[in-house]
Amino acid sequence: MATLPPITELPTLDTEERAQVLDLLFEPCQQLHTLSVNLLRENTYYSYDELIEAVGKQLTDLSESNLESDNKWLEAILSAHPRLGEKKVESEQSRKEQAQLNQGGEGETAMLAEMNRKYEETFPGLRYVVFVDGRSRPVIMADMQKRIERGDLKQEKRDAITAMCEIASDRAKKLGAS
């Protein structure tokens, strides 16, 4: 499935096909499948943005939970996104989105790898998630540094959820959502 089916067809898809839709919009992630695959069957959506908003609400609910299991579940979903600048990226959409980030020199590549390490040290269990959308490496790295210095885990999860939904919305448009 390289394109998204019409939104009205989602309830008629089998479980694997609904999981593939989630993979195209977000990142392949078993925890996201478990959390959200039934949304695509049980609810009627009139746009992919409406569906993405519903998934975002589920993720926000997890982030606001006091249960350790919910927090671990959310961290697994947020960490399904590849590290910025990583050479081995499973998702075709992520490869395309990160292509410009992989065009810097070795010094910038090493700096980005170090920033990923610092980020993950500051926020154990998370990966830095941002809507790249044509922004340069220096702009992305400045944002990452700001978020590391802020050191606010709850805000970081909210920012990552927002970024995931922005990425999914952009992917929906690029994949011919109707």
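Residues numbered from 1 in each chain as written. Predicted model: local features only at pLDDT ≥ 70, side-chain atom pairs only at ≥ 80, totals over all residues. Heavy atoms only, no water.

Draft legend 1. Representation of the environment of Thr15 in the model. With respect to the secondary-structure elements, Thr15 resides in helix α1 (residues 15–25). Residues Thr15 and Leu40 lie 25 residues apart in sequence; the distance between their C-alpha atoms is 9.1 Å. (Helix = DSSP H or I, 4+ residues; strand = E, 2+ residues; numbered from the N terminus.)

Draft legend 2. Broad picture of the nonpolar core. In this structure, Leu25, Phe26, Tyr48 and Leu51 are the most contacted members of the largest nonpolar core, which totals 49 residues. Where this core is concerned, the elements lending two or more residues are α1, α3 (39–42), α4 (48–64), α5 (68–78), α7 (106–122), α8 (137–150) and α9 (153–174). With 8 residues, α9 is the single largest residue contributor to this core. If near-sequence neighbours (up to four positions away) are discounted, Phe26 is found in contact with Leu32, Ile52, Val55, Met164, Ala168 and Arg171. (Core = buried A, V, L, I, M, F, W, Y, C linked by side-chain atoms within 4.5 Å. Buried < 20%, exposed > 50% of the residue type's maximum accessible area, 1.4 Å probe, protein only. Contact = heavy atoms within 4.5 Å.)

Draft legend 3. Molecular detail of α8. Here α8 is 14 residues long and its end C-alpha atoms lie 20 Å apart, about the 20 Å a rise of 1.5 Å per residue gives. Of the residues making up α8, those classed as buried are Arg137, Ile140, Met141, Asp143, Met144, Arg147 and Ile148. Down the axis, α8 shows its buried residues gathered within 155° of arc, on one side only. Buried residues belonging to α8 abut α7 and α9. At the exit of α8 stands Gly151, carrying a positive phi of roughly 65°. (Expected span 1.5 Å × (residues − 1). Arc of directions from axis to C-beta.)

Draft legend 4. Examining the pattern of salt bridges more closely. The tally for this structure, following the rule as stated, stands at 17 salt bridges. A salt bridge links Glu121 to Arg117; its shortest N-O distance comes to 2.8 Å. Of the two residues, Glu121 and Arg117 both sit in helix α7, 4 residues apart, roughly one turn of that helix. Relative accessible area serves as the criterion here: at 55%, Glu121 is assigned to the exposed category. By relative accessible area, Arg117 is classed as partly exposed at 39%. The closest approach of N and O atoms between Arg147 and Glu156, which form a salt bridge, is 2.5 Å. The residues Arg147 and Glu156 share a single accessibility class, namely buried. (Salt bridge = Lys/Arg side-chain N within 4 Å of Asp/Glu carboxyl O.)

Draft legend 5. Molecular detail of the packing of aromatic side chains. Taken as a whole, this structure holds 2 aromatic pairs when the rule is applied. Judged by centre distance (4.9 Å) and plane angle (50°), the ring pair of Tyr119 and Phe123 falls under tilted. The exposure class of Tyr119 is buried, given its relative accessible area of 0%. Relative to Tyr128, the ring of Tyr119 has its centre 5.5 Å away and its plane inclined at 70°; by these criteria the two rings are edge-to-face. Neither Tyr119 nor Tyr128 differs from the other in exposure class; each is buried. Through a chain of ring-to-ring contacts, the aromatic side chains of Tyr119, Phe123 and Tyr128 assemble into a single cluster. (Phe/Tyr/Trp six-rings, centres within 6.5 Å; stacked < 30°, edge-to-face > 60°.)

Draft legend 6. Seen up close, the packing of α7 against α8. In contact at an axis separation of 10 Å, α7 and α8 are set at 25° when each is read in the N-to-C sense. In terms of orientation, α7 lies roughly parallel with respect to α8. Between α7 and α8 the crossing geometry is left-handed. Facing α7, whose interface residues are Glu108, Thr109, Met111, Leu112, Met115, Asn116, Lys118, Tyr119 and Thr122, α8 presents Arg137, Pro138, Met141, Met144, Gln145, Arg147 and Ile148. Considered class by class, the residues forming the contact of α7 with α8 number 8 nonpolar, 4 polar and 4 charged. (Axes fitted to C-alpha atoms, helices over the stretch in contact; angles between N-to-C directions. Parallel < 35°, antiparallel > 145°, perpendicular 65-115°, else oblique. Left-handed = near helix turned anticlockwise from the far one by under 90°. Nonpolar A, V, L, I, M, F, W, Y, C, P; charged D, E, K, R; others polar.)

Draft legend 7. Looking closely at the confidence of the model for the chain. Per-residue confidence for the chain gives a mean pLDDT of 87; residues scoring 70 or more make up 87%. Within the chain, helix α6 (residues 92–98) has the poorest average pLDDT of any element, 54, and α4 the best, 97. (pLDDT = per-residue confidence, 0-100.)

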